[in-house]
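An overview of the molecular structure
The residues making up each chain are set out below.
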Amino acid sequence: MDFTLNETQRLIQQTARHYAERVIAPQAAAIDEEERFPADILKGLADMGLMAVNVPESLGGSQAGAVAYVLAMIEVARACASTAVTMAVTNMVGEVIARFGTPEQRERCCPRLASGEWLAGAFALSEPEAGSDPGALRTTARRDGDAWVLDGSKQWITSGAYAGVLVVWARTGDQAAYPGTRGISCFLVEQATPGLRIGRAEDKMGIRGSNTVGLHFEECRVPETALLGELHGGFKIAMMALDGGRIGISAQALGIARAALEESVRYAKDRKQFGRPIGDNQAIQWKLAEMQTSIDAAYLLALRAAWMKDHAVPFSREAAMAKMFSTEAAVQICNHAVQIHGGYGYIRDFPAERHLRDVRVSMIYEGTSEIQRVVIARSMLS
Ligand code: COS
């Protein structure tokens, strides 16, 4: 087995690391503190091709593959989790449009997302009553002449207030004729479309620099060309996009965990108690050893899922395994990091507390840990 990165992957990793360390990391605490949407940073990421890593070059993307995307995501998340999730969702949106869009949709949206002309894309699937069960969504789209008219509400939408384009799922077939997940379609709605109202930003525990809002569609008219993919075929598009997205979130969690571990190692060497560095104690050593081992295991799971995606091998189960394991390990690692830092882990002078707040949501969004277990077990039993 060859674990060597190819030249493109190495280049993307180095580019992301350099930018993350030089530009993003120094701002991360302020981004969190001020709940600042990192617009300048996102533009910088776009200039380096990191907002459309898996989008074809012909559409302005980097076409560097899923493994390269994982590597970039780890570096960005290691510096700032808020920036990383914004990057993750935008990459997912660009990819879904590149894959399912008409030539016109691809050419209108992908280059704008890739270049940063549109700072972000948004993925509007969840609703107040439809989170883990998106098949229960209630937003509707009805045909009116040559337009679609959307009505309903979405919730937890990352970058909803800043996205140039929002991918929106709505019910196009009535429940009787199209039960369950069958009558759902997918639409591209651009920012400032009349009838689209952006709700208030959520006051979150972590990733406070990312924007999370509700969306309200009130007689929101979009042209018939806004339909993405096949009529009534939207649910599968969401599932396929989330498969890829879950690899990204597993990498985000890994990046945050890496930062927490590196800071823990540094602190264990510097901090003296009872006349010697706390890292001399086995209690600390064991924690560090377990943290490092979990990170390596999570890294291999994420890379395997990404490699399968790059090689067009079905990867839903592996993406779910990577997300479940990486995010749960990362939460534990960030919790250990706070413990190793003692009282200093609980105050804002050190980043350990931010990592713990930031990482927690990774077990929830893009499919909870419980849903990942459902995906894994179903694939085993089917
Ligand atoms: N790729 C392609 N198609 C898929 C798929 C995937 N990964 N997963 C399911 N499908 C298809 C199924 O094959 C089925 O197709 P048919 O209608 O042709 O049989 C259809 O989609 C419905 O699938 P299923 O019956 O399994 O749907 P369920 O409602 O039972 O939901 C889970 C399945 C739980 C996996 C799904 O609802 C899910 O992922 N939930 C979490 C959603 C989520 O991540 N929310 C976060 C939002 S973004 S922050």
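Residues numbered from 1 in each chain as written. Predicted model: local features only at pLDDT ≥ 70, side-chain atom pairs only at ≥ 80, totals over all residues. Heavy atoms only, no water.

Looking now at the domain arrangement of the chain. For an interface, size is often stated in terms of accessible area lost upon the parts coming together. Examined at the domain level, the chain breaks down into domain 1 (7-118), domain 2 (123-232) and domain 3 (236-381). For domain 1 and domain 3, the distance between their C-alpha centres works out to 20 Å. When the area that domain 1 buries against domain 3 is broken down by residue, the three leading residues are Ile74, Arg78 and Met92, summing to 24%. At the boundary of domain 1 and domain 3, one finds four salt bridges. Of all the secondary structure elements, the ones that give two or more residues to the side of domain 1 that touches domain 3 are α1 (7-34), α3 (66-79) and α4 (81-100). A per-element tally of the side of domain 1 that touches domain 3 places α3 first, with ten residues. Taken together, the residues of the side of domain 1 that touches domain 3 sort by class into 18 nonpolar, two polar and five charged. (Domains from an automatic or database assignment. Buried area = accessible area lost by both parts, 1.4 Å probe. Salt bridge = Lys/Arg side-chain N within 4 Å of Asp/Glu carboxyl O. Helix = DSSP H or I, 4+ residues; strand = E, 2+ residues; numbered from the N terminus. Nonpolar A, V, L, I, M, F, W, Y, C, P; charged D, E, K, R; others polar.)

The next subject is the pattern of salt bridges. As enumerated under the stated definition, the model contains 22 salt bridges in all. Here Arg357 and Asp32 are joined by a salt bridge, their closest N and O atoms 2.8 Å apart. Of the two residues, Arg357 sits in helix α9 (residues 352-360) while Asp32 sits in helix α1, which places them 325 residues apart along the sequence. Judged by its relative accessible area of 5%, Asp32 is buried. Close ionic contact of Glu224 with Arg143 constitutes a salt bridge, the shortest N to O distance being 2.4 Å. Linking Glu224 in the loop between β7 (212-223) and β8 (227-228) with Arg143 in strand β2 (residues 140-144), this pair joins segments that are 81 residues apart in sequence. Counted as one network, the salt bridges with shared partners bring together Arg17, Glu21, Glu75, Arg78 and Glu262. (Buried < 20%, exposed > 50% of the residue type's maximum accessible area, 1.4 Å probe, protein only.)

So, about unusual backbone geometry. One non-glycine residue, Gln63, adopts positive backbone phi at about 50°. Structurally, Gln63 is set in the loop between α2 (39-47) and α3. One non-glycine residue, Ile207, lies in the positive phi region at around 35°. Considering the arrangement of structural elements, one finds Ile207 in the loop between β6 (196-201) and β7.

Attention now goes to a nonpolar patch on the surface. On the surface, a cluster of nonpolar side chains totalling about 430 Å² of accessible area is made up of Met1, Phe3 and Leu300. On the accessibility criterion, Phe3 (60% relative accessible area) is exposed. (Patch = residues over 30% accessible without salt bridge, like charges linked within 9 Å, V, L, I, M, F, W, Y side chains within 5 Å. Areas by Shrake-Rupley, 256 points an atom, 1.4 Å probe, with all protein chains shown as cover.)

Among the 19 residues in the neighbourhood of the ligand, the closest are listed as Ser132, Lys236, Asp243, Arg246 and Arg378. Between Gly131 and the ligand, the recorded distance is 3.5 Å, taken from a backbone N or O atom to a nitrogen atom. At 2.7 Å, a side-chain N or O of Lys236 approaches an oxygen atom of the ligand. In isolation the ligand exposes 990 Å². Once the protein is present, 70% of that is buried. Going through the elements one at a time, α6 (234-270) and α10 (369-381) are the ones with two or more residues in the shell around the ligand. Looking at the shell around the ligand residue by residue, the classes come out as seven nonpolar, six polar and six charged. (Near = heavy atom within 4 Å. Polar contact = N/O pair within 3.5 Å; in protein donor to acceptor, adjacent residues only side chain to side chain.)

Let us look at the side chain of Thr172. Considering the arrangement of structural elements, one finds Thr172 in the loop between β4 (163-171) and β5 (184-190). Engagement of the side chain of Thr172 in a polar contact is seen with the side chain of His232, the distance being 2.9 Å.

A separate point is the nonpolar core. Ranked by internal contacts, the top residues of the largest apolar core, which has 102 residues, are Ile24, Leu45, Met87, Ile97, Phe123, Val167 and Trp169. Setting aside residues up to four positions removed in sequence, Val167 forms contacts with Val93, Val96, Ile97, Ala122, Phe123, Ala124, Cys186, Phe187, Leu188 and Leu228. Among the nonpolar cores identified, the runner-up in size contains 20 residues, and Ala122, Ala124, Leu196 and Val213 belong to it. (Core = buried A, V, L, I, M, F, W, Y, C linked by side-chain atoms within 4.5 Å. Contact = heavy atoms within 4.5 Å.)

Structural remark: α-helix, 3.6 residues per turn; residues separated by three or four positions point the same way. With 20 residues, α4 extends 28 Å from end C-alpha to end C-alpha; this agrees with the ideal 28 Å at 1.5 Å per step. In terms of burial, α4 is largely enclosed, as 17 of its 20 residues are buried. (Expected span 1.5 Å × (residues − 1).)

In total, this model carries six aromatic pairs according to the counting rule given. On the basis of an interplanar angle of 55° and a centroid distance of 6.5 Å, the ring pair of Tyr267 and Tyr344 is categorised as tilted. Here Tyr344 lies in the loop between α8 (316-341) and α9 and Tyr267 lies in helix α6, a separation of 77 residues in the sequence. Taking the relative accessible area as the measure of exposure, Tyr344 reaches 37% and is therefore partly exposed. One aromatic cluster is present, formed by Tyr267, Tyr344 and Phe350 through successive ring pairs. The cationic tip of Arg112 hangs over the ring face of Trp118; the distance from NZ or CZ to the ring centre is 5.7 Å. One cation-aromatic arrangement involves Arg258 over Tyr299; the distance from NZ or CZ to the ring centre is 5.0 Å. (Phe/Tyr/Trp six-rings, centres within 6.5 Å; stacked < 30°, edge-to-face > 60°. Lys NZ or Arg CZ within 6 Å of the ring centre and 35° of its normal.)

So, about the pairing of β7. The sheet contact formed by strand β3 (residues 147-158) and β7 spans nine bridges and is antiparallel. Paired with Ser153 across the bridge in β7 is His216. Pairing of β6 with β7 involves four bridges; the strand directions are antiparallel. The residue bridging Ile198 from the neighbouring strand is Leu215, located in β7. (Pairing = 2+ DSSP bridges.)

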